Amino acid sequence: VLVGRAMGKLQSKISFHTAKYRADGSVEETGPLRAAQQHGPAHTDGVTSVAALKPDLCVSGGRDKSVAVCSWRSGAALRRFIGHEREVTKVTSAPDSNRVFSASRDKTVMMWELHGTSGPSQHFPGHDLVVTGLAVSPDASQLCTGSRDNTMCKWDTETGECLGRAAISRNLVTHLCWVPGEPYVIQTSEDKTIRIWDSRELQVAHTFPAKQHIQTCCDVSQDGRYCLSSSSGSAGEGGEATLWDLRQTRNRVREYKGHFQTTTSCVFLPRGPALAPSIATSSYDSTVKVWDQHTGGRG
């Protein structure tokens, strides 16, 4: 119901725009946007995570313990991977890779081959609680995972070997993302902080000033210059998204305020040549909002 209301409000917000994003990043002038195309369900229970796999493919994980690869063009579920014993919490993939990674409440991470068997090609056990963060290096050779057990782990994706493990008290990991072209991983936490990890030694390279609320999600711009985080909230308190500079100053750049409850996710939108840089946020208040990255104004 929340997703339906949010998508309805998003469609009504952007229906007057005359440009839409294409998979290659260009912009097509189309006039009013058509209603979102709907397809048969990819899962038999709630969908917990979705990520881009290729220009026409996405990967999703669900409470039904499965991982699905779907074509958004045809709506067909092309692959379904089974192996987790509990709900899938996060899914991700490396750019231009045929490898899919999934984290789960069963305390493990699994790797799947897009053109392989339906079973996992690699298994990464080692956390003591649900795995809530998942980020793969751009070349898909290494994987970083985070958990509610306060730990971060680094893995070799070929061998499944754990290359490092670091624990920080009260660092209940909520999300991870890898900085494009860099050895750094951004991490958000229930301790209200955003950390930059150097994956080479699996050490914290920088910690941004703590926020007032739990940080629920993060994303990194494609040029690697900025990081975005989102906050929990209720009754109009909190719920903001925050833009951080990842360059030498590492300052807080801007906040995006307008949600009335927890902002559950945040993302940098692909930039077309005729469009200003934008971000999108979604919230428990049943809305999805699109913001001008530079001004904080809503589109």
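Structure first, text after, so check above.
Nothing here was measured: the structure is a model prediction, and the numbers come from that model.

Conventions and cut-offs
Residues numbered from 1 in each chain as written. Predicted model: local features only at pLDDT ≥ 70, side-chain atom pairs only at ≥ 80, totals over all residues. Heavy atoms only, no water. Helix = DSSP H or I, 4+ residues; strand = E, 2+ residues; numbered from the N terminus. Contact = heavy atoms within 4.5 Å. Areas by Shrake-Rupley, 256 points an atom, 1.4 Å probe, with all protein chains shown as cover. Pairing = 2+ DSSP bridges. Axes fitted to C-alpha atoms, helices over the stretch in contact; angles between N-to-C directions. Buried < 20%, exposed > 50% of the residue type's maximum accessible area, 1.4 Å probe, protein only.

Quick look at the overall build of the chain
1) Next: Along the backbone of the chain there are one helix and 27 strands.
2) Next: Taking the intrachain contacts of the chain between residues at least 6 apart in sequence as the baseline, contacts between residues at least 24 apart amount to 41%.
3) Next: Carbon and sulfur atoms form 50% of the exposed surface of the chain, whose accessible area is close to 14,500 Å².

A look at the sheet that holds strand β7 (residues 88-93)
Two pairing modes exist for strands in a sheet, parallel and antiparallel, and in both the strands are linked by backbone hydrogen bonds.
1) Next: Spatially, the four strands line up as an open sheet ordered β7-β8-β9-β10, and their pairing is antiparallel. Each having just a single partner strand, β7 and β10 (122-125) make up the two edges of the open sheet. Taking each pair of neighbouring strands and ignoring which way they run, the sheet shows an average axis angle of 20°.
2) Next: Note that strand β9 (residues 108-113) and β10 share four bridges and pair antiparallel. Considered in β10, the bridge of V109 is made with F124.

Thoughts on the pairing of strand β20 (residues 226-231)
1) Next: The buried fraction of β20 is high, at six of six residues.
2) Next: The alternating pattern of β20 places Y226, L228 and S230 on one face and C227, S229 and S231 on the opposite face, and all of these are buried.
3) Next: Here strand β19 (residues 215-220) folds back onto β20, and the loop between the two strands holds five residues, one of which, G224, carries a positive phi near 75°.
4) Next: Two strands pair when backbone bridges link them, and β20 and strand β23 (residues 241-245) are joined in this way by five bridges, in the antiparallel orientation. The residue bridging L228 from the neighbouring strand is L243, located in β23.

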